[in-house]
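Residue-level listing of the chains:
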Number of protein chains: 2
Amino acid sequence: MSLPAGYTLDPRLADDTHPLASLDLCELRLMDDANYPWLVLVPRVADARELIDLDAAQRRTLTDEIDLAARALRAAFQPFKLNVAALGNLVPQLHVHVIGRNQDDPAWPAPVWGRVAARPYSPEQLVERISVLTRHLPA
Amino acid sequence: MSLPAGYTLDPRLADDTHPLASLDLCELRLMDDANYPWLVLVPRVADARELIDLDAAQRRTLTDEIDLAARALRAAFQPFKLNVAALGNLVPQLHVHVIGRNQDDPAWPAPVWGRVAARPYSPEQLVERISVLTRHLPA
């Protein structure tokens, strides 16, 4: 898939997440918050802010990559529920959250945003979580 | 597209929304909350709870219908931002929110869920809003 030049990852997304995999369309990243298993997909499309800024081929690839991310999350952590969302009220660069939710997580049943402070991973936790997720992603 | 038998709209979704259009895959409905222009897409797929419960063809149709709903919302109301989300923590039937957000809306910049009580439309407002939206949907 050809992508326009000019894509750069928003610095706030870069600060809040860790790289996990580079997919056909998106950067797949792990949110640095041990409260929830939480992935973020960032399409490498310059200046995209909304899902409707993608063309039909990009949208199809995105839905395939959301599926891949959600299946990896489910296989790795067996969450009770998946939450998938493209919000972008604070960080305008288009990004899609894929979050595993459990009935004993600190925000349940509310959405995760703005509920409790993020709990950054320790280095050891981060290595372990990335390792588990990577085993459930296509090679 | 063939759909499995057994689909029925969750009674809570039926209570909280008004019918707007029947698309190839989804029922398109208007959330009964005048705080935000807010559409809900409900795939007519029995027992679907997660996006990953859809097959690849259904996912592609859903992404097309999200696009259609979001474009109608933008054309009708020119929101500052679109929020698109499949959460389902309270109502398990798979449904996708497409919400127009503005910097002066009562939840901005937080997500809308759980912030302020819904403000149901008056009958006149409802007729007007449905009329405006319908003009921006494909015939």
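Structure: above.
In this convention, every chain numbers its residues from 1, walking through the sequence in written order. All chains are assigned letters beginning with A, and all ligands numbers beginning with 1, in the order in which they are written. A pLDDT threshold of at least 70 governs which residues receive local features in this predicted model, and a stricter bar of 80 or more applies before side-chain atom pairs are shown or counted, although totals over entire chains, interfaces and linings include all residues. Think of the side-chain values as coming from all heavy atoms in the structure, minus any hydrogens and water.

Trainee: Outline the nonpolar core, supporting the account with residue identities and numerical values.
Mentor: Core analysis: the biggest nonpolar cluster contains 65 residues, and A:Leu39, A:Leu41, A:Val98, B:Leu39, B:Leu41 and B:Val98 have the highest contact counts within it. With 8 residues, helix H2 (residues 56-77) of chain B is the largest single contributor of residues to this core. When near neighbours in sequence (up to four residues on either side) are disregarded, A:Val98 contacts A:Pro37, A:Trp38, A:Leu39, A:Leu41, A:Ile66, A:Ala69, A:Ala70, A:Leu73, A:Asn83 and A:Val84. The next biggest cluster of nonpolar side chains, apart from the first, holds 28 residues, and it includes A:Leu13, B:Tyr36, B:Ile99 and B:Val112. For the purposes of this section, nonpolar cores are sets of buried Ala, Val, Leu, Ile, Met, Phe, Trp, Tyr and Cys residues that join through side-chain atoms within 4.5 Å. Residue exposure (1.4 Å probe, protein chains only): buried if accessible area is under 20% of the type maximum, exposed if over 50%, otherwise partly exposed. Helix and strand assignments follow DSSP, with helices taken as H or I runs no shorter than four residues and strands as E runs no shorter than two, numbered in order from the N terminus. Any pair of residues with heavy atoms lying within 4.5 Å of one another is described as a contacting pair.

Trainee: Break down the pairing of strand S5 (residues 96-101) of chain A for me, with residues and values.
Mentor: Residue and element names in this part refer to chain A. With 6 of 6 residues buried, S5 lies mostly within the body of the structure. Here the rule is simple: two strands pair whenever DSSP picks up at least two bridges between them. By the bridge criterion, 4 bridges tie strand S3 (residues 38-43) to S5 in an arrangement that is antiparallel. Bridging from a neighbouring strand, Leu41 pairs with Val96 of S5. Examined bridge by bridge, strand S4 (residues 81-86) and S5 share 5 bridges and lie antiparallel to one another.

Trainee: How would you explain helix H3 (residues 123-135) of chain B if you had to name every residue and give the values?
Mentor: Every α-helix carries 3.6 residues per turn, so stepping three or four residues along brings you back to the same face. Residue and element names in this part refer to chain B. The span one expects for a helix is its residue count, reduced by one, times 1.5 Å. For H3, built from 13 residues, the straight-helix expectation of 18 Å at 1.5 Å per residue is met to within 8% by its first-to-last C-alpha distance of 19 Å. Within the span of H3, buried status applies to Leu126, Arg129, Val132 and Leu133. Along the long axis of H3, the arc covered by the buried residues comes to 135 degrees, so they all point the same way. The outward face of H3, more than 90 degrees from its buried face, is lined by the exposed residues Pro123, Glu124, Val127 and Arg135. The arc under discussion is defined with respect to the helix axis, by the directions toward the C-beta atoms.

Trainee: Kindly report on the pattern of salt bridges, identifying the contributing residues and their values.
Mentor: Working definition: two side chains of opposite charge can pair if their charged atoms are close together. Any carboxyl oxygen of Asp or Glu that lies within 4 Å of a side-chain nitrogen of Lys or Arg is treated as forming a salt bridge with it. With the rule as written, the count across this model stands at 14 salt bridges over all chains. The closest approach of N and O atoms between A:Arg12 and A:Asp10, which form a salt bridge, is 3.2 Å. Relative accessible area serves as the criterion here: at 42%, A:Arg12 is assigned to the partly exposed category. Overlapping salt bridges bring together A:Arg59, B:Asp64, B:Asp67 and B:Arg71 as one network.

Trainee: If you had to explain the sheet that holds strand S4 (residues 81-86) of chain B to someone new, which residues and values would you point to?
Mentor: Sheet strands associate in pairs through backbone hydrogen bonding, adopting either a parallel or an antiparallel arrangement. Sheet architecture is open: 10 strands sit in the order S1(A)-S2(A)-S3(A)-S5(A)-S4(A)-S4(B)-S5(B)-S3(B)-S2(B)-S1(B), paired in antiparallel fashion. Since the sheet does not close on itself, it has two edges, and those belong to strand S1 (17-22) of chain A together with strand S1 (17-22) of chain B, each with one partner. Averaged over all neighbouring strand pairs, the angle between strand axes comes to 25 degrees, with direction disregarded. Inter-axis angles, ranging from 0 to 180 degrees, are taken between N-to-C directions of lines fitted to C-alpha atoms, where helices are fitted over the stretch in contact. Relative to the sheet, H2(B) contacts strand S2 (26-31), strand S3 (38-43), S4 and strand S5 (96-101) of chain B, its axis offset from that of S5(B) by approximately 25 degrees.

Trainee: With reference to specific residues and values, describe the interface of chain B and chain A.
Mentor: It is common to give the size of an interface as the accessible area that goes away when the parts come together. Each partner contributes to the interface: chain B provides 32 residues, whereas chain A provides 32 residues. As used here, buried area is the combined drop in accessible area, with a 1.4 Å probe, of two parts when they are placed together. Both sides of the chain B and chain A interface together cover about 3100 Å² of buried area, and 49% of this is carbon and sulfur. For chain B, the biggest contributors to the area lost against chain A are B:Ile52, B:Arg59 and B:Asn89; these three give 23% of the whole. Between chain B and chain A we count 6 salt bridges in total.

Structural measurements only, silent on function.
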